[in-house]
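What the coordinates show
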Amino acid sequence: MRDDIKSWNRLPAVGHQHVLDIPARTARLPLPPGAETCIPFGNGRSYGDVCLNPDAAVIRTRALDHMIAFDREHGRITCEGGVILADILELVTPQGWFPPVTPGTRFVTVGGCVANDVHGKNHHDTGSFGNHVRSFELLRSDGQRLTCSAEQNADWFAATIGGLGLTGLITQVTFDLLPVANPFMVTQAYRFSTLDEFWHLNARAEREWPYTVAWIDCTRQSGRGILFAGQHAPPQAELPVWKSRHRTVPVDLPFSCINSLSLKAFNEVYYRQKLPRDRYVAHYAPYFYPLDAIENWNRIYGTRGFYQYQCVLPPHVSADGVAELMRQIARSGMGSFLAVLKTFGTRPAMGTLSFPRPGATLALDFPNMGEKTLQLLNRLDSIVASAGGALYPAKDARMSGAMFRRGFPQWEKMLPFIDPRFSSGFWRRVNKPEG
Ligand SMILES: Cc1cc2nc3c(=O)[nH]c(=O)nc-3n(C[C@H](O)[C@H](O)[C@H](O)COP(=O)(O)OP(=O)(O)OC[C@H]3O[C@@H](n4cnc5c(N)ncnc54)[C@H](O)[C@@H]3O)c2cc1C
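Residues numbered from 1 in each chain as written. Predicted model: local features only at pLDDT ≥ 70, side-chain atom pairs only at ≥ 80, totals over all residues. Heavy atoms only, no water.

Points about the sheet that holds strand β11 (residues 184–192)
Operational definition: The rule for pairing is simple: two strands pair if DSSP sees at least two bridges between them. Helix and strand labels come from DSSP, where a helix needs a run of H or I of at least four residues and a strand needs a run of E of at least two; each type is numbered from the N terminus. In this description, contact between two residues means that some pair of their heavy atoms is separated by no more than 4.5 Å. Only the contacting stretch of a helix is used when fitting its axis, a line to C-alpha atoms as for every element, and angles between N-to-C directions run 0 to 180 degrees.
Taken in spatial order, the eight strands make up an open sheet running β15-β11-β13-β12-β18-β19-β17-β20, and their pairing is antiparallel. Lying at the two open borders of the sheet, with one neighbouring strand each, are β15 (280–283) and β20 (390–391). Sheet topology places β11 next to strand β13 (residues 225–232); eight bridges connect them, and they run antiparallel. Directly across from Val-186, in β13, lies its bridge partner Gln-231. Relative to strand β17 (residues 306–313), helix α9 (residues 371–386) is tilted by about 5°, and along the sheet it contacts β17, β19 (359–367) and β20.

Next comes the structure, spelled out in structure tokens:
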């Protein structure tokens, strides 16, 4: 049994019977023996078990790392499913293009971006990754290769975008890029001292800026924080580079260094940091990927790992719902340095199981303190469920089947498209009969 395949938060810690690699996009799918199931594993940047398959098999896709075609004139790229965004950025940004949507790390594969239909700071403007996918090839366990797009095999297209890797393995993807003049961002930071202030600021910022996201102090019920707005810099902008340093957490700590004291201290310092009064220019890397500068930052939570909790609440209950979540979290004394609040726009997602939908999304890390943490997360679930919201499967290691079905009422539509040889820890958990 192999125990070296982990997702980013190191939870759940599970073993796999087989760790297989697909060597090339034209190769047959490597399948485990007998009736054992498998799940594609991209770069393991999910938090939880959508990319894990306890006691069964994973198929690693990182050998599918070839660029296939790049139309520089129209900004369209075709690459293999195991290519990571960092490589795409390196290729296309000097040539005036940028990924249309990027999550908060560039170390994700394109297959993973499709399978979780990932969103970025520009969701209110641009939608999620799947909105920009033109086509992909899906390799099924029976050897079938399906070309999927909005026009061809459209039902497979919808089932696979946000389909959590369950419909087959994505060997290659064609998607549209965003034109940019240079690798820089014009950004502005706004401090807010209450959640009410955030909603006002955010409504205005969303009209003016394509990228917005707020850091929020989860140790305070008031919901103070900083809203970061951004846009790609125009050609004539003054371009002083905001220098970022590469840091690393060198070893696995046997314990988490996050406790209520260190949390409060960090949040205080972060909130009070000196902010530029006006717009400033920064390279895209520190703007989009501040955490990528701290290699292995997940180690600060120690070997017990951590839970990430990301929910979305519908627009009409967002303000009350977020306030209630913040109250519960602040009271618990648990929570993270990295609490993020953002509003999603109205562009419909392409996937049957896509997570992004109109409303507000809150994401936080919680060090794994066993039952105490799980009880808090259950309390948060009740707030999310009664608000008619949903949890993000890509950031989940513990949601119940009932919570999943409430958040994804279309889930049964997926069933005919799931590959009979594919399964995951996540999928078995949310489909387990509940007593
Ligand atoms: C620091 C950090 C910040 C993040 N910020 C965001 C954010 O802002 N927005 C957001 O949406 N997400 C965010 N995420 C989550 C991350 O973007 C997603 O979990 C992403 O899907 C991970 O990609 P991966 O290549 O590592 O895939 P994995 O985690 O390995 O797998 C993810 C899913 O994709 C499937 N999959 C992978 N490759 C293929 C393939 N070739 N064919 C079929 N299925 C496949 C897997 O089976 C699994 O279900 C963040 C993660 C981190 C660590």
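Concerning the pattern of salt bridges
Definition in use: Any carboxyl oxygen of Asp or Glu within 4 Å of a side-chain nitrogen of Lys or Arg constitutes a salt bridge here. For each residue, the accessible area found with a 1.4 Å probe, counting protein chains only, is set against the maximum for its type, and the residue is called buried under 20%, exposed over 50%, and partly exposed in between.
Scanning all chains against the criterion turns up 16 salt bridges. In this structure, the salt-bridge partner of Arg-60 is Asp-21, at a minimum N-O distance of 2.9 Å. Of this pair, Arg-60 sits in strand β3 (residues 57–60) while Asp-21 sits in strand β1 (residues 18–21); the two residues are 39 residues apart in sequence, bridging distant segments of the chain. Looking at Asp-21, the relative accessible area reads 41%, which means it is partly exposed. A salt bridge links Glu-268 to Arg-224; the shortest N-O distance between them is 2.8 Å.

Topic: the state of the cysteines
Here is the rule: Put simply, a disulfide is two cysteine sulfurs that come within 2.5 Å.
Enumeration according to the criterion identifies zero disulfides in this entry. The thiol sulfur of Cys-38 is not disulfide-bonded, and the nearest other cysteine sulfur, from Cys-51, lies at 14 Å. The thiol of Cys-218 is not disulfide-bonded; the next cysteine sulfur, from Cys-311, is found 13 Å away. Classification of Cys-218 by relative accessible area gives buried; the value is 1%.

Here's the deal with the domain arrangement of the protein chain
This is how it is decided: Domains are outlined according to an automatic or database domain assignment. Summed over both partners, the accessible surface that disappears when two parts come together, traced with a 1.4 Å probe, is what is meant by buried area. Within 3.5 Å is the distance limit for a polar contact, defined as a pair of N or O atoms, with the added protein rule that one can donate a hydrogen and the other accept it, and that residues adjacent in sequence qualify only through two side-chain atoms. Gly counts as polar in this scheme, as do all residues outside two lists: the nonpolar Ala, Val, Leu, Ile, Met, Phe, Trp, Tyr, Cys and Pro, and the charged Asp, Glu, Lys and Arg.
Domain annotation of the protein chain identifies domain 1 (67–180) and domain 2 (184–400). Relative to domain 2, the C-alpha centre of domain 1 lies at a distance of 24 Å. Each partner contributes residues to the interface: domain 1 has 33 residues there, and domain 2 has 31 residues. Carbon and sulfur atoms supply 59% of the area that domain 1 and domain 2 bury against each other, a total of about 2800 Å² over both sides. For the interface between domain 1 and domain 2, the tally reads one salt bridge. Asp-292 serves as the salt-bridge partner of Arg-106, at 3.2 Å between the closest nitrogen and oxygen. Across the contact surface, domain 1 and domain 2 share 15 residue pairs in polar contact (both at pLDDT 80 or more). The set of elements that each furnish at least two residues to the side of domain 1 that touches domain 2 consists of α3 (123–126) and α4 (154–160). Tallying contributions element by element places α3 first for the side of domain 1 that touches domain 2, with four residues. Among the residues forming the side of domain 1 that touches domain 2, the class breakdown is twelve nonpolar, 17 polar and four charged.

Re the site of the ligand
The following threshold applies: Residues are classed as near a molecule or strand on a simple rule: at least one heavy atom within 4 Å of it. Surface accessibility in these figures is a Shrake-Rupley result with a 1.4 Å probe; residues are shielded only by whichever protein chains are displayed.
Taken together, 33 residues lie around the ligand, and Pro-40, Gly-42, Arg-45, Ser-46 and Thr-109 are the ones closest in. Within the backbone of Gly-44, one N or O atom sits 2.9 Å away from an oxygen atom of the ligand. At a separation of 2.7 Å, an oxygen atom of the ligand approaches a polar backbone atom of Arg-45. When the free accessible area of the ligand is taken as 960 Å², the share hidden by the protein chains comes to 96%. When its residues are assigned to classes, the shell around the ligand shows 17 nonpolar, 14 polar and two charged.

Here we look at unusual backbone geometry
Cis geometry is found at the peptide bond from Leu-11 to Pro-12, where omega equals -10°. Although it is not a glycine, Asn-153 adopts a positive phi angle of roughly 50°. Note on placement: Asn-153 falls in the loop between β8 (145–149) and α4. A relative accessible area of 29% means that Asn-153 is categorised as partly exposed. Within the chain, Leu-164 stands out as a residue other than glycine whose phi angle is a positive 60°. By secondary structure assignment, the location of Leu-164 is in the loop between α4 and β9 (169–176).

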